[in-house]
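Structural features, examined
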Amino acid sequence: MNIVLTEVWGVCPATMRKTEKSGGITILDFGSQYTQLIARRIRELEVYSEILPWNASPDVILGGKPKGLILSGGPRSTTGTDAPRLDRSLMEGEIPILGICYGMQLIAHTLGGEVKKGRLGEYGRTRVVFENGGGEKILSGVPASIDVWMSHWDEVSRLPEGASAFGASESGALAAYSIDGGRITALQFHPEVDTTEYGREMLSNFLFGICGCEPNWKLGDWVKRSLESIASEVSETDRVICGISGGVDSTVAAVLVSKVAGDRLDCIFVDHGFMRKGEPERVVEAYKRLNLRIRHVDASDRFLAAVKSITNPEEKRKTIGELFVRVFEEEALKCGGAKWLLQGTIYPDVIESGSKGGDVIKSHHNVGGLPDDMEIELLEPIRELFKDEVRRIGPLLGIPEEMLKRHPFPGPGLAVRCLGNLERERLDILREADAIFIDEIKSAGLYDSIWQAFCVLLPVRSVGVAGDVRTYGETVVLRAVASRDGMTAESVRLPWDLVDRTAKRICQEVPQVGRVTMDVTGKPPATIEWE
Ligand code: XMP
């Protein structure tokens, strides 16, 4: 398949941006762990925001006609020779700019100020005092002294010409300054982080008071515009194929496109045999209820044969991913002459696929890497949405809550939760144990407040005793995590009677299991899945 990809660093070039996005905010990413958070905070204020890499050209940056720019924080020092920079012409133009942390230091460095290593650096909650003699718009409704979140080593030691300071931290370090009557506003602290008091107000003041944005990023309108945009791309004769898993993203993408393409959309559900208990049946039923044509392909024998003797996690993921693509392609060809391949790519995937030089922790399995010998174009209607936005538009499209609230499930499914020999019998044990755990969590009313809960089957047996008889059973691990986006996670403190009841039920109802343990590790240092 020859997929026509139009992305530059994971984002549309300026010429391809849709006009409705004009009037939003562009965030230039200097590598901060909070860049996505800034984008979310702005969208929560109902203003469209997008992220571009720091080295995007001024033409690309201004091509989207943003009302303002935000320069994110970042891990580097502006004093380094190879530090990320920003074209000075952007600062000298008319567009409002908010610099945060590294962004604040970069503005000073670029315009002739001085940045140097602070004596101690500032990390965590810090008291800041403002002086609002100049009537800084960013401070409207903000008290003269607040707690903020700091995370920096360098500090601005001399302001550029024409800049005026309006805030300092308790250690005396410069915390805020502005240039050109507040058109450029620079904050050493992070207004996007919850710990910063009045952070939301400061961002709101920047958007509405300084940039003149309108609060017009409404998801209902987004659905309408998105349908118009899909209709303008997918002609009345084009066929579309789509790989679905029953997860939120692919389901929302499929329902959205089906409103335009109707029965010219074929949803292909490749069942690799690593689904949870009853899941294939549930997915097929749900799709039928949504009036989507679904092609259910039971390829479990092929997948099991391919991974039977593989225990290395990366090799397992790659083998499953490659076979998945092959099976999907075979089925796609049977559907005949599709022009479009629909994918449920969402904004964090777009941003992450653009970052370069990172360590490969896990090869994620998506339909993305189709071979090069089939002419097909990629359709990604929800690529600008965050997960919570995808969940919120689901009900607008008539998708049942139960599908929207499903815990995330990895592409390779139970294969990365069944360690050791991947045999049907062991997968069945895991399926049963997992269903019991989820049943208990649902009965306790905790399912919706947990990011992910599941069982893992270990390649470890242990000795036990049942009815005076020695047993030598399998080991199941319970894992429940809280997370905002899957990037970091904390173990959930489940009520002990729930854990106790789950362990008893698993050992009773799944007699092959002799021991139930619990994984209480966060991410980092662990990952959420075991492989
Ligand atoms: P890890 O295990 O890397 O997982 O901490 C982070 C989140 O991603 C999910 N995950 C995947 N999702 N394809 C997916 O679509 C995959 O191959 C995959 N591997 C892990 C995982 O369940 C968690 O929510």
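Residues numbered from 1 in each chain as written. Predicted model: local features only at pLDDT ≥ 70, side-chain atom pairs only at ≥ 80, totals over all residues. Heavy atoms only, no water.

1. Here we look at helix α9 (residues 300-307)
The complete set of buried residues in α9 reads Ser300, Phe303, Leu304 and Val307. Within α9, the buried residues cover an arc of 100° as seen down the axis, which keeps them to one side. Along α9, exposed side chains directed more than 90 degrees from the buried face belong to Asp301 and Ala305. Considering only its buried residues, α9 is in contact with β12 (265-271), β13 (294-298), α10 (313-335) and α14 (424-443). (Buried < 20%, exposed > 50% of the residue type's maximum accessible area, 1.4 Å probe, protein only. Helix = DSSP H or I, 4+ residues; strand = E, 2+ residues; numbered from the N terminus. Arc of directions from axis to C-beta. Contact = heavy atoms within 4.5 Å.)

2. Quick look at the state of the cysteines
This model, assessed by the stated rule, comprises zero disulfides. Note on cysteine 242: no disulfide assigned, nearest cysteine sulfur contributed by cysteine 267 at a separation of 4.7 Å. Of the residues examined, cysteine 242 reaches a relative accessible area of 2% and is grouped as buried. Cysteine 507 takes part in no disulfide bond, and the closest cysteine sulfur, belonging to cysteine 455, lies 11 Å away. With a relative accessible area of 30%, cysteine 507 lands in the partly exposed category. (Disulfide = S-S within 2.5 Å.)

3. A look at the sheet that holds strand β4 (residues 68-71)
Whenever strands of a sheet pair, they do so through backbone hydrogen bonds, lying parallel or antiparallel. Within the open sheet, the nine strands sit side by side as β3-β2-β4-β5-β10-β9-β8-β6-β7. Their pairing is mixed. At either margin of the open sheet sits one strand with a lone partner, and together these are β3 (49-53) and β7 (145-158). With strand direction ignored, the average angle separating the axes of adjacent strands in the sheet is 20°. Sheet strands touched by helix α5 (residues 199-210): β2 (25-29), β4, β5 (97-100), β7 and β10 (184-187). Its angle to β5, the strand with the most contacts, is close to 160°. (Pairing = 2+ DSSP bridges. Axes fitted to C-alpha atoms, helices over the stretch in contact; angles between N-to-C directions.)

4. Things to note about the domain arrangement of the protein
On domain assignment, one finds that the protein holds domain 1 (21-210), domain 2 (219-404) and domain 3 (417-519). Here domain 2 and domain 3 have C-alpha centroids that lie 28 Å from each other. Both sides together, the interface formed by domain 2 and domain 3 hides about 1,100 Å², and carbon and sulfur atoms give 54% of it. In terms of surface lost to domain 3, no three residues of domain 2 exceed Arg276, Lys277 and Leu304, which account for 39% of the buried area on that side. The tally of links between domain 2 and domain 3 comes to two salt bridges. In this structure, glutamate 432 and lysine 277 form a salt bridge, with 3.1 Å as the shortest nitrogen-oxygen distance. Viewed at the interface, domain 3 and domain 2 are joined by five residue pairs in polar contact (both at pLDDT 80 or more). Here the side of domain 2 that touches domain 3 gets four residues from one element, more than from any other, and that element is α9. For the side of domain 2 that touches domain 3, the class distribution of residues is four nonpolar, three polar and six charged. (Domains from an automatic or database assignment. Buried area = accessible area lost by both parts, 1.4 Å probe. Salt bridge = Lys/Arg side-chain N within 4 Å of Asp/Glu carboxyl O. Polar contact = N/O pair within 3.5 Å; in protein donor to acceptor, adjacent residues only side chain to side chain. Nonpolar A, V, L, I, M, F, W, Y, C, P; charged D, E, K, R; others polar.)

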